[in-house]
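Here's the letter readout for the chains.
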Amino acid sequence: MSAVNLSPENWSKITRGCAEIISEQELRAKLEKGRPLKIKLGVDPTAPDLHLGHLVVLRKLRAFQDLGHQIEFIIGDFTARIGDPSGRSETRPALEPEQVAANAQTYQEQVFRVLDHQKTQLHFNSRWLEPLGVKGIFDLQRRTSVAQMLRRADFAKRFEDEEPISLLELVYPVLQGYDSIAIQADLELGGTDQKFNLLMGRELQLEKGQEPQVVMMMPLLEGLDGVKKMSKSYGNTVAFNDPPNEMFGKTMSIPDALMPKYFELLTDLDVATAAKMHPREAKALLGKTIVEMFHGAPAAEAAAAEFDRVFSKKQVPDQIPEFKTVRGKCLLIDLLAVSGLASSKKEARRLLDQGAVEVDGKRRTEKDTLDLQVPVLIQVGKRRFMRVIPT
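Worth saying up front: this structure is predicted, and the values here are computed from it rather than measured.

### Regarding helix 10 (residues 195–207)
Then comes step 1: The end-to-end C-alpha separation of helix 10 is 19 Å, in line with the 18 Å expected for 13 residues at 1.5 Å each.
Then comes step 2: Taken together, the buried positions of helix 10 are occupied by N197, L198, M200, G201, R202, L204 and Q205.
Then comes step 3: Positive phi shows up at G209, right after helix 10, with a value of about 85 degrees.

Now the structure itself:
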């Protein structure tokens, strides 16, 4: 492999959407050496499914792969038992080994829907962290101080608010940093909330006499609510395993203002062109692009056509009021009343009896119960619409 990786086109591919690189000069120097770099990403299997938030960094890994570099994908089966404190206002609950193992299996099945299996080294960090034992972990901890840890914004905030910080959480960044030593990483990717942990890897490598890794940070992707980062715990995700129609429908519910960010971080599409499109057209293009990634072009076309049949042909207005409610099961008659689509349960019952209520294009009855896990569109009569978003 030669320094062709530094052509403007290829440099643009690997830096598109990046929030920060520490440092660009170091990255260019590594690329100029003309050898495949070891690109590291560590993911703790704390939930069973990958989602579009993960896709941001996975696509960046794939961009490096396509230029001939080696991906070191680390499943943090050891560190997941502690829990990454990054961006947390409280201590994460501990996971049982059985749950970690089950989640890790699904990660292995899903990650290669984006990455090239032949150019990816899959690791479990228990392989090198467990043999460290107590003495090895103590030796690592001697390299850091409590004052250094409390410079982290999330730890500092919790300390100021007198919220508990477990000793295990202080160990976590050092263990993640040791992963970089174990595989001799040239570059590590992560979200902006991972900055402290990523820089810890650089520091430990320097102390070990290794060339320090470059740190490349990607923005956090807001979820379907448009506010919080996409996370299973917030119920605002588009998962890799979502069926095509559900994946497309969720994409169409993303707030208009997030379209440029989604285009930049999740696709190779031109962001400027997307910004000139009508929001509904932009979302449809985004939805088809994402569905095609995971289910293929025919499924993407079918999902778009089904959405158009259910919603567009009914002349759904561009601006639809939203009603946020808790995830889970609820009686439709109650939902109509509390959302304001009906003035009372009595009116809701009358509307249902008249067949005037549709949910996602299907007529519903008084006895219907909804299991709200994803956004749904409720239509009452010909002109009243409400998008119900579970949170």
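### So, the sheet that holds strand 5 (residues 187–191)
The strands making up a sheet associate through backbone hydrogen bonding, with each pair oriented either parallel or antiparallel.
Then comes step 1: One open sheet accounts for six strands, arranged 1-6-5-2-3-4; its pairing is mixed. Edge strands, defined here as strands with exactly one partner in the open sheet, are strand 1 (20–22) and strand 4 (120–124). Pairs of neighbouring strands in the sheet enclose a mean axial angle of 20 degrees, with direction left out of account.
Then comes step 2: Both strand 1 and strand 6 (residues 214–218) contribute to a ladder of three bridges, which runs antiparallel. Each bridged residue has a counterpart across the sheet, and for E20 the counterpart in strand 6 is M217.
Then comes step 3: Strands in contact with helix 10 are strand 1, strand 5 and strand 6; relative to strand 6, the strand with the most contacts, it is inclined by about 170 degrees.

### Considering the sheet that holds strand 13 (residues 384–390)
Then comes step 1: Pairing is mixed in the open sheet, where five strands are placed in the order 7-13-12-9-10. Because the sheet does not close on itself, it has two edges, and the strands there are strand 7 (322–325) and strand 10 (362–363).
Then comes step 2: Here strand 9 (residues 357–359) pairs with strand 12 (residues 376–380) via three bridges, running antiparallel. Within strand 12, the position partnered with V357 by the bridge is V380.
Then comes step 3: Across the sheet, helix 16 (residues 332–339) lies against strand 7, strand 9, strand 12 and strand 13, angled at about 80 degrees from strand 12, the strand it touches most.

### Description of the packing of helix 3 (residues 52–66) against helix 14 (residues 279–295)
Then comes step 1: Interaxial distance between helix 3 and helix 14 falls to 14 Å at its minimum, and their mutual angle equals 75 degrees. Judged by the angle between their axes, helix 3 and helix 14 are roughly perpendicular. Here L52, L55 and R59 of helix 3 come into contact with helix 14, specifically with I290, M293 and F294.
Then comes step 2: Class assignment of the residues belonging to the contact of helix 3 with helix 14 gives a composition of five nonpolar, no polar and one charged.

### A closer look at the confidence of the model for the protein
Then comes step 1: Per-residue confidence for the protein averages 85 on the pLDDT scale, and 88% of its residues sit at or above 70.
Then comes step 2: When pLDDT is averaged over each element of the protein, strand 6 comes out on top at 96 and helix 7 (residues 146–149) at the bottom at 67.
Then comes step 3: Contacts of residues 87–91 to residues separated by more than four positions or lying in other chains number eleven contacts, the stretch itself having pLDDT below 50.

Each value, and the rule that gives it
- Residues numbered from 1 in each chain as written.
- Predicted model: local features only at pLDDT ≥ 70, side-chain atom pairs only at ≥ 80, totals over all residues.
- Heavy atoms only, no water.
- Helix = DSSP H or I, 4+ residues; strand = E, 2+ residues; numbered from the N terminus.
- Expected span 1.5 Å × (residues − 1).
- Buried < 20%, exposed > 50% of the residue type's maximum accessible area, 1.4 Å probe, protein only.
- Pairing = 2+ DSSP bridges.
- Axes fitted to C-alpha atoms, helices over the stretch in contact; angles between N-to-C directions.
- Contact = heavy atoms within 4.5 Å.
- Parallel < 35°, antiparallel > 145°, perpendicular 65-115°, else oblique.
- Nonpolar A, V, L, I, M, F, W, Y, C, P; charged D, E, K, R; others polar.
- pLDDT = per-residue confidence, 0-100.

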